[in-house]
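Breakdown of the fold
Residue strings, one per chain:
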Amino acid sequence: MSLKALDYESLNENVKNCQYAVRGELYLRASELQKEGKKIIFTNVGNPHALGQKPLTFPRQVVALCQAPFLLDNPNIGMIFPADAIARAKHYLSLTSGGLGAYSDSRGLPGVRKEVAEFIERRDGYPSDPELIFLTDGASKGVMQILNCIIRNQKDGILVPVPQYPLYSATISLLGGTLVPYYLEETDNWGLDVNNLRQSVAQARSQGITVRAMVIINPGNPTGQCLSEANLREILRFCCDERLVLLGDEVYQQNIYQDERPFISSKKVLMDMGTPISKEVQLISFHTVSKGYWGECGQRGGYFEMTNIPPRTVEEIYKVASIALSPNVSAQIFMGLMVSPPKPGDISYDQFVRESKGILESLRRRARIMTDGFNSCKNVVCNFTEGAMYSFPQIKLPSKAIQAAKQAGKVPDVFYCLKLLEATGISTVPGSGFGQKEGVFHLRTTILPAEEEMPEIMDSFKKFNDEFMSQYGDNFGYSRM
Amino acid sequence: MRRFLISQAKTLADQIRRQHHTSRRFLSLLPSLSPPVPSPLLSLSRFLSSASNMSASDSTSSLPVTLDSINPKVLKCEYAVRGEIVNIAQKLQEDLKTNKDAYPFDEIIYCNIGNPQSLGQLPIKFFREVLALCDHTSLLDESETHALFSTDSIDRAWKILDQIPGRATGAYSHSQGIKGLRDTIAAGIEARDGYPADPNDIFLTDGASPAVHMMMQLLLSSEKDGILCPIPQYPLYSASIALHGGSLVPYYLDEATGWGLEISDLKKQLEEARSKGITVRALVVINPGNPTGQVLAEENQRDIVKFCKQEGLVLLADEVYQENVYVPDKKFHSFKKVARSLEYGEKDIALVSFQSVSKGYYGECGKRGGYMEVTGFTSDVREQIYKVASVNLCSNISGQVLASLVMSPPKPGDDSYDSYMVERDGILSSMAKRAKTLEDALNNLEGVTCNRAEGAMYLFPRVNLPRKAIEAAEAAKTAPDAFYCKRLLNATGIVVVPGSGFGQVPGTWHFRCTILPQEDKIPAIVNRLTDFHKSFMDEFRD
């Protein structure tokens, strides 16, 4: 009679249905191989520090001092910490009620939320209310909290781009909702066509789904495209007309590798559009310390800002946040530092700028190296990585390869990626983990491996790919576009 | 203008919500299988329906994410620890800054939440040394560091960094947490229990609370799935069950016998739930208890383990207060140790043990560190747990490091050992002392009885409210214990949580007060509390 309460069969179906490929089959296989001694290059997740990117010095100095405040009493502290780091540590400690070890306000330290609001105001040119900003243990937690408020049952649909970052599909699954896909246009640089949106919504509604919200990831993940202002206006107009909450995942806003389409926040565009729409569209914007040039994934720091959400709903969201008591305080300080970094004249300013620029300029170069590298491979077509941290090449798998995959019981792009892993140690995520059009295959890799190692990695990939294409090649039957 | 409107709407919304919530909370914590409902409820339920008509401020109903269209499970869940009374206290605190003379006290003392470092408790120095070195690893290359940090903290930091690929503390780790840290924790569990622990059974989480949520998510598919919870309980459980759409099946702890747990009562509640078509999936035990503070006797624990095995229940053992035991006649025994001592292995019982860095003598709430040790699950279930953990990628690294330090603190012979022990013993003995002082003070109040705090961080006195007070509460449209607590707050600045936030036998009233204000504040707290209670009773005595 024992253990019947937790057999696999009786587990929550929503859990069983949810998938998260980023740490799924490929990653697990790569980890196994690593244990066996094979050199693995993990490009499966946007995890810059794991691939050699160094943390920025200034924030680490500040947080270390906050971690061990007794250091601040030591007269020699000025010998190994710059004065501005010491001052900033004292500033953040004064914002807490008991240092890093005390629960903060469930929404995050008011002082840090104020700094975030000021950052948003400087960035967009419109005021921001700290009361409508909640800090969270990473942006992912914020996304989950918000979707949890929106999704009531299976009839609630969330518009999600395809390809998408599978946090969205996994969370919608876990919450028992329905994912309503809208396809990005690969031939148009992963552009967003409002007609596709309309079609997706109409189809969902005809199936009895109430479409509640729309997710945009800007810059995109895995696709990297940066939305134009015109595009954002269309989207906001669409959300207004269809009465959808817009969820703006903007975690890659610092990662822009072209100059034609700089980052512009959804909030700014909304406010620019003026009344009545600026008072009607409900918008929730997400940001993080994990990406950008900070790459502080392990801290778990993020926030969301709510626009046009009614006060009582805000209270309910606060209530749910309060059950988890508070986001971790160290990460809140990282967030404060990110939104108010060293200024010209500060002792640490030059070093900070040097480090930041170094990272961003290198990312820009790596985006180009990777895109060009993929495009030089047989049967591989790759859109340029305009932003974010990923490359998402299309692999035109020959029909023989697709057959072999079927025989091996694998989805075709999983088959390809596993072979790539075994041959080269490069661990990627198959495109099926993100969603793609039927019969079109991709893989996602990051642009994060060290610049010095990139040429070798791209050579290794090219060698594998071109051999694979020869092995399974025929001159007809490429996978359709 | 927008800000003004929002604050106006907020005030009105606050008022409505307060009334709405009070009556709803009063109802919601009445378990469906409890003793008969007393009559005051009927009038409150009438009020409940009229309150929901008063939503004039929410005229934004044309917008998609309004209260009408929000997930009803979110609306249903409650969490009193940071609820209404705390909001009032925060407003008072703001006002005190400019209006000192308007109040009979000059500070708010937050006794509502187990947040030691917000009330002056200092962190353990060794732990913070290691964390600082891990945060800013270039310190380890500086010669001055040896003058600023203890030798063993430097050694430990090196050891930990060597367990982190690339020494990158800013990278996402394995979704269960860094392997080397799990090894350390497993070794610590083994040293504590005398039975082996497997690092692969450990999931490091951002505090124990997310781990509890994960388990609820796995176990609960619908309202037909039930979780046995102690009443009174820490409302994370009731809230989490509500959020995941399950049913809370209560079992009452017996106040008269020091909050004892009777297996016969467990069995009765289980059977009643089953007869109503509920599949009871798990049993939650909080040991040491929150809010009740009792430490279970080992024999009691054996009975509980046997019960779970017999009935096929997952045992969810919340052991976050394992280092907080204040009485010489009780000792903490982990449920894992108890199970293994009965020779129950992986095939006999499914057990999930929760631990946190927030409590104990370390009190590192803001770091969000914790873990669950998951045993007795088949591998296909384990994979699902891993999958859910992976969606959030990993818990914060600093919290992971701290969890490993908590489970393997300095040992005799280590440089920091002596000072560490002084800090640790100082905090724990002070907690024991404060627990006793406050317990005695509460027992001296007219109509108040308070069980001793054997462990944890709280006192949960029972207040025999006179009839007149209950009537006044009704007239104020507030639950009687909330009425008392608000009066207490307004008279003394002391913030406690009404017992209805935790659940109690209907018709009894309690509040939860922490033992955490620093020792020098305790006499003033006792005096103010005593004076307040006397005048309250003078006003309402029958």
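Residues numbered from 1 in each chain as written. Chains lettered and ligands numbered in written order. Predicted model: local features only at pLDDT ≥ 70, side-chain atom pairs only at ≥ 80, totals over all residues. Heavy atoms only, no water.

Inclusion rule: UniProt positions are given in the numbering used here, feature names are shortened, and annotations may be inferred rather than shown by experiment.
If you check an unreviewed UniProt entry, chain B appears there as alanine transaminase from Thlaspi arvense. Recorded in UniProt under Cofactor (unreviewed entry), the annotation for chain B is "pyridoxal 5'-phosphate".

As recorded in an unreviewed UniProt entry, chain A goes by the name Aminotransferase class I/classII large domain-containing protein, listed as coming from Thlaspi arvense. In the Subunit (unreviewed entry) part of its UniProt record, chain A is described as follows: "Homodimer." Looking at the Subcellular location (unreviewed entry) heading of the UniProt record, one finds this comment for chain A: "Peroxisome".

**Re the overall build of chain A**
This is how the line gets drawn: Every helix listed is a DSSP run of H or I at least four residues long, and every strand listed is a run of E at least two residues long, numbered separately from the N terminus. Throughout this description, buried means an accessible area under 20% of the type-specific maximum (1.4 Å probe, protein chains only), exposed means over 50%, and partly exposed covers the range between. Only heavy atoms matter for contacts: two residues are in contact if any of them lie within 4.5 Å across the pair. Within this scheme the basic residues Lys and Arg register as positive and the acidic residues Asp and Glu register as negative, but His and the chain ends are omitted. For the purpose of locating charges, the reference atoms are NZ of Lys, CZ of Arg, CG of Asp and CD of Glu.
Helices and strands together make up the secondary structure of chain A, namely 17 helices and 14 strands. Summarising its shape, the C-alpha atoms of chain A cover approximately 70 × 65 × 55 Å along the three principal directions. Taken over 481 residues, chain A has a buried fraction of 65%. Taking the intrachain contacts of chain A between residues at least 6 apart in sequence as the baseline, contacts between residues at least 24 apart amount to 74%. Side chains of chain A carry 51 positive and 52 negative charges; the gap between the two charge centres is 2 Å.

**Some thoughts on the overall build of chain B**
The test is simple: All accessible areas in this document rest on Shrake-Rupley with a 1.4 Å probe, and a residue is counted as covered only by the protein chains that are shown.
Secondary structure summary: chain B contains 19 helices and 14 strands in total. Looking at chain B residue by residue over its 542 residues, the buried ones come to 64%. Considering only contacts within chain B whose residues lie at least 6 apart along the sequence, 73% involve residues at least 24 apart. When the accessible area of chain B is evaluated, it comes to approximately 19500 Å², of which 53% is carbon and sulfur surface.

**Regarding the state of the cysteines**
Here is the rule: Criterion for a disulfide: a pair of cysteine sulfur atoms within 2.5 Å.
According to the stated counting rule, one finds zero disulfides over all chains in the structure shown. The thiol of Cys417(A) is not disulfide-bonded; the next cysteine sulfur, from Cys382(A), is found 13 Å away. Cysteine Cys229(B) shares no disulfide, and the gap to the nearest cysteine sulfur, in Cys308(B), comes to 12 Å. Taking relative accessible area as the criterion, Cys229(B) reaches 0% and is therefore assigned buried.

**Some details on the sheet that holds strand S13 (residues 497-498) of chain B**
Residues and elements named next belong to chain B. What counts is decided by this rule: One requirement defines pairing of two strands: DSSP has to find at least two bridges between them.
With respect to topology, three strands assemble into an open sheet ordered S10-S14-S13, the strand pairing being antiparallel. Unpaired on one side and paired on the other, strand S10 (458-459) and S13 mark the two borders of the sheet. As paired strands, S10 and strand S14 (residues 511-514) are joined by two bridges and run antiparallel to one another. When the bridges of S14 are listed, Tyr458 appears paired with Thr514.

**So, the interface of chain B and chain A**
We apply this condition: Computed with a 1.4 Å rolling probe, the buried area is the accessible surface lost when two parts are put together, summed over both parts. For this analysis, a salt bridge means a side-chain nitrogen from Lys or Arg found within 4 Å of a carboxyl oxygen belonging to Asp or Glu. Polar contact is the term for a pair of N or O atoms within 3.5 Å; when the atoms are in protein, one must be able to donate a hydrogen and the other to accept it, and sequence-neighboring residues count only if both atoms are side-chain atoms. Polarity classes work like this: nonpolar for Ala, Val, Leu, Ile, Met, Phe, Trp, Tyr, Cys and Pro, charged for Asp, Glu, Lys and Arg, and polar for all others, with Gly in that last group.
Of the residues lining the interface, 106 residues belong to chain B; the matching set on chain A comes to 99 residues. Among the residues chain B hides against chain A, the three largest losses belong to Val65(B), Tyr172(B) and Val391(B). Together they make up 9% of the total. The interface formed by chain B and chain A contains zero salt bridges. Seen at the junction of chain B and chain A, the total is 37 residue pairs in polar contact (both at pLDDT 80 or more). The dominant element in the side of chain B that touches chain A, judged by the number of residues it contributes, is helix H14 (residues 379-391) of chain B, at eight residues. Considered class by class, the residues forming the side of chain B that touches chain A number 43 nonpolar, 36 polar and 27 charged.

**With respect to helix H5 (residues 110-124) of chain A**
Residues and elements named next belong to chain A. Defined as follows: Any helix carries an expected span of 1.5 Å times its number of residues minus one.
Taking 1.5 Å per residue, 15 residues should reach 21 Å; H5 reaches 21 Å between its end C-alpha atoms and fits that length. Regarding H5, the residues found buried are Gly111, Val112, Arg113, Glu115, Val116, Ala117, Phe119, Ile120 and Asp124. Looking at the packing, one finds that the buried side of H5 touches helix H4 (83-95), strand S2 (133-136), helix H10 (266-272), strand S7 (283-288), strand S8 (302-307) and helix H13 (329-339). In the stretch just after H5, Gly125 is the one whose phi turns positive, near 85°.

**Quick notes on the UniProt feature "domain: Aminotransferase class I/classII large" (unreviewed entry) in chain A**
When the UniProt feature table is mapped onto this chain numbering, "domain: Aminotransferase class I/classII large" (unreviewed entry) sits at residues 84-459 of chain A. In residues 84-459 of chain A, helix accounts for 44% and strand for 15%; the two terminal C-alpha atoms are 45 Å from one another.

**Brief notes about the packing of aromatic side chains**
Test applied: Here a pair means two rings of Phe, Tyr or Trp (six-membered ring of Trp) with centres within 6.5 Å. Their orientation is stacked below 30 degrees between planes, edge-to-face above 60, and tilted elsewhere. Look at NZ for Lys and CZ for Arg. If either is within 6 Å of the ring centre and within 35 degrees of the ring normal, a charge sits over the ring.
All told, the structure shown has 33 aromatic pairs over all chains when counted by the stated rule. With a centroid separation of 5.6 Å and 40° between ring planes, the pair formed by Tyr103(B) and Phe105(B) is classed as tilted. With respect to class, Tyr103(B) is no different from Phe105(B); both count as buried. Taken together, Phe483(B), Tyr484(B), Phe511(B), Phe532(B), Phe536(B) and Phe540(B) form an aromatic cluster joined through their ring pairs. Over the ring of Tyr8(A) we find Lys16(A); its NZ or CZ atom is 4.8 Å from the centre of that ring.

**Things to note about the sheet that holds S8(A)**
Residue and element names in this part refer to chain A. Our working rule: As a rule, the C-alpha atoms of each element are fitted with a line to give its axis, helices using only the stretch in contact, and angles between N-to-C directions run from 0 to 180 degrees.
One open sheet accounts for seven strands, arranged S2-S8-S7-S6-S5-S3-S4; its pairing is mixed. On the outer flanks of this sheet lie S2 and strand S4 (178-183), each paired with one strand and no other. Each neighbouring strand pair of the sheet contributes to a mean axis angle of 25°, computed without reference to strand direction. Strand contacts of helix H8 (residues 194-206): strand S3 (156-162), S4 and strand S5 (210-217), with the helix running at about 150° to S4, the strand carrying the most contacts.

**A short note on the side chain of Ser238(B)**
Residue and element names in this part refer to chain B. Tracing the backbone shows Ser238 in helix H10 (residues 236-243). Its relative accessible area of 16% is what places Ser238 among the buried residues. At 2.9 Å, the side chain of Ser238 and the side chain of Gln233 are in polar contact. Among all residues touching Ser238, those that are not within four sequence positions of it are Gln233 and Leu248.

**Quick word on helix H14 (residues 349-375) of chain A**
All names here are of chain A. Over its 27 residues, H14 runs 39 Å from end to end, which matches the ideal 39 Å to within 8%, given 1.5 Å per residue. Those residues of H14 that sit buried are Phe352, Ser356, Ile359, Ser362, Leu363, Arg366, Ala367, Met370, Thr371, Gly373 and Phe374. Where the residues of H14 are buried, they touch helix H3 (57-67), strand S9 (380-381), strand S10 (390-391), strand S14 (443-446) and helix H17 (454-472).

**Quick look at the pairing of strand S4 (residues 247-252) of chain B**
Residue and element names in this part refer to chain B. With respect to burial, S4 is a largely interior element, five of its six residues being buried. Relative to S4, strand S3 (residues 225-231) runs parallel, the two sharing six bridges. Bridging across to S4, Ile231 finds its partner in Tyr252.

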